Amino acid sequence: MTTVIVTGKTIEDAVDQGLTQLGVSRDLVTLNVLEQPSRGFLGLIGVKPAKVELTLKPKQAEESFHNEPDSALIRTSELTSSRSTELDTNISNDIDPYVEASNFVKEAAAGMGLDVEIEIKKSRDGKIFNITGEDLGLIIGRRGQTLDALQYLTNIVANKHSSSFVRIILDAENFRLRRRKTLEELADRLASQVIRTGKEVVLEPMPSQERKVIHAKLQNHRQVNTISKGEEPNRRVVITLK
């Protein structure tokens, strides 16, 4: 199998599922977005999933690879802007995708009445755009939903101007770290509840990046297991006794 077509809540979710099916990492495939997901403004409930086609690069199509894919879930949304968010096959090598993405974030923030600056840092998963300024709660939103939606759009803008896949993680006021700690504390608390009551616990639906935090926190736990059940956008983590 050298090509798969998969759907997901977001393009990132669909890509992760396709990589799992092919058993390869992201740098070994070419990505073709067949359908953009349909969503409300800045993270409202989606009405149409994303559809992508992943094809093994020529050299990889002749070999069998079984690397674990990276993932970093990003939610979908639509933002009123003059900037097109359609992936463009005519990519210009003269345009820096990170500059374009940074400008897009600033324009989106300006549309909210905010004046922000962006500090770009390297990370294992790509580039982190650390947003600074006043009233950043507007950009973060409830449980980071607005930040996730803006992150999704920012990645589309960046990849429009890049010949290879790039990943950008948006952060503001250390939200990503604070959210991770909250989820890890939740995982410990619910694991104790499962042990105490002997009954499994089903968490509320979460994006894949948050589910991974729960799984990672409890993966070496001696008394509980975690699994994911359901379909996007209602996929949930279930904690059970071993």
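Residues numbered from 1 in each chain as written. Predicted model: local features only at pLDDT ≥ 70, side-chain atom pairs only at ≥ 80, totals over all residues. Heavy atoms only, no water.

A. Looking closely at the packing of helix α6 (residues 175-197) against helix α7 (residues 208-218). It is the contact of α6 with α7, at a shortest axis distance of 9 Å, that shows an interaxial angle of 50 degrees. By the angle between their axes, α6 is oblique relative to α7. The chirality of how α6 crosses α7 is right-handed. Facing α6, whose interface residues are Arg176, Arg179, Arg180, Leu183, Glu184, Ala187, Asp188 and Ala191, α7 presents Gln209, Glu210, Val213, Ile214, Lys217 and Leu218. (Axes fitted to C-alpha atoms, helices over the stretch in contact; angles between N-to-C directions. Helix = DSSP H or I, 4+ residues; strand = E, 2+ residues; numbered from the N terminus. Parallel < 35°, antiparallel > 145°, perpendicular 65-115°, else oblique. Left-handed = near helix turned anticlockwise from the far one by under 90°. Contact = heavy atoms within 4.5 Å.)

B. Just the confidence of the model for the protein, in detail. Per-residue pLDDT for the protein averages 82, and the proportion of residues at 70 or more is 81%. For the protein, the element scoring lowest by mean pLDDT is helix α2 (residues 58-61), at 62; strand β7 (residues 201-202) scores highest, at 97. In this model residues 39-46 is a low-confidence stretch, pLDDT under 50, and it forms 23 contacts with partners more than four residues away in sequence or in other chains. In the model, residues 64-92 has pLDDT below 50 throughout and makes 95 contacts with residues more than four positions away in sequence or in other chains. (pLDDT = per-residue confidence, 0-100.)

C. Representation of the pairing of strand β3 (residues 50-56) within the structure. By the alternation rule, side chains of β3 split into Ala50, Val52, Leu54 and Leu56, which are all buried, and Lys51, Glu53 and Thr55, of which none is buried. In the sheet, strand β1 (residues 3-8) pairs with β3 via six bridges, with the strands oriented antiparallel. Bridging from a neighbouring strand, valine 4 pairs with leucine 54 of β3. As paired strands, strand β2 (residues 29-35) and β3 are joined by six bridges and run antiparallel to one another. Each bridged residue has a counterpart across the sheet, and for valine 33 the counterpart in β3 is valine 52. (Buried < 20%, exposed > 50% of the residue type's maximum accessible area, 1.4 Å probe, protein only. Pairing = 2+ DSSP bridges.)

D. The sheet that holds β7, seen in detail. Strand order in the open sheet made by the three strands is β7-β9-β8, with antiparallel pairing throughout. Unpaired on one side and paired on the other, β7 and β8 (224-229) mark the two borders of the sheet. Where β7 meets strand β9 (residues 236-241), two bridges bridge the pair, whose relative direction is antiparallel. Each bridged residue has a counterpart across the sheet, and for valine 202 the counterpart in β9 is valine 238. Against the sheet, α6 contacts β7, β8 and β9, and its axis sits at roughly 40 degrees relative to β9. Against the sheet, α7 contacts β8 and β9, and its axis sits at roughly 160 degrees relative to β8.

E. Representation of the sheet that holds strand β6 (residues 168-172) in the model. The mixed open sheet is built from three strands, whose spatial order is β4-β5-β6. In this open sheet, the two edge strands, each paired with only one partner strand, are β4 (116-123) and β6. Adjacent strand axes in the sheet meet at a mean angle of 25 degrees when their direction is disregarded. Examined bridge by bridge, strand β5 (residues 126-133) and β6 share five bridges and lie parallel to one another. Across the sheet, residue lysine 127 finds its bridge partner in β6, namely isoleucine 168. Contacting β4, β5 and β6, helix α3 (residues 97-111) crosses the sheet at an angle of about 145 degrees to β4.

F. Molecular detail of the pairing of β5. Direction of pairing for β4 relative to β5: antiparallel, over a ladder of eight bridges. Residue pairing for β5: isoleucine 120 is matched across the bridge by phenylalanine 129. Where β4 folds back on β5, the antiparallel hairpin that results is connected by two residues.

G. Quick peek at the pattern of salt bridges. For the structure on display, the rule yields eleven salt bridges. Across the pair lysine 217 and aspartate 188 runs a salt bridge, and its minimum N-O distance is 3.7 Å. Of this pair, lysine 217 sits in helix α7 while aspartate 188 is found in helix α6, placing the two residues 29 residues apart along the sequence. For lysine 217, a relative accessible area of 36% corresponds to the partly exposed category. Aspartate 188 sits in the partly exposed class, given a relative accessible area of 37%. Taken together, the shared-partner salt bridges in this structure form one network comprising Glu12, Asp16, Arg26 and Arg167. (Salt bridge = Lys/Arg side-chain N within 4 Å of Asp/Glu carboxyl O.)

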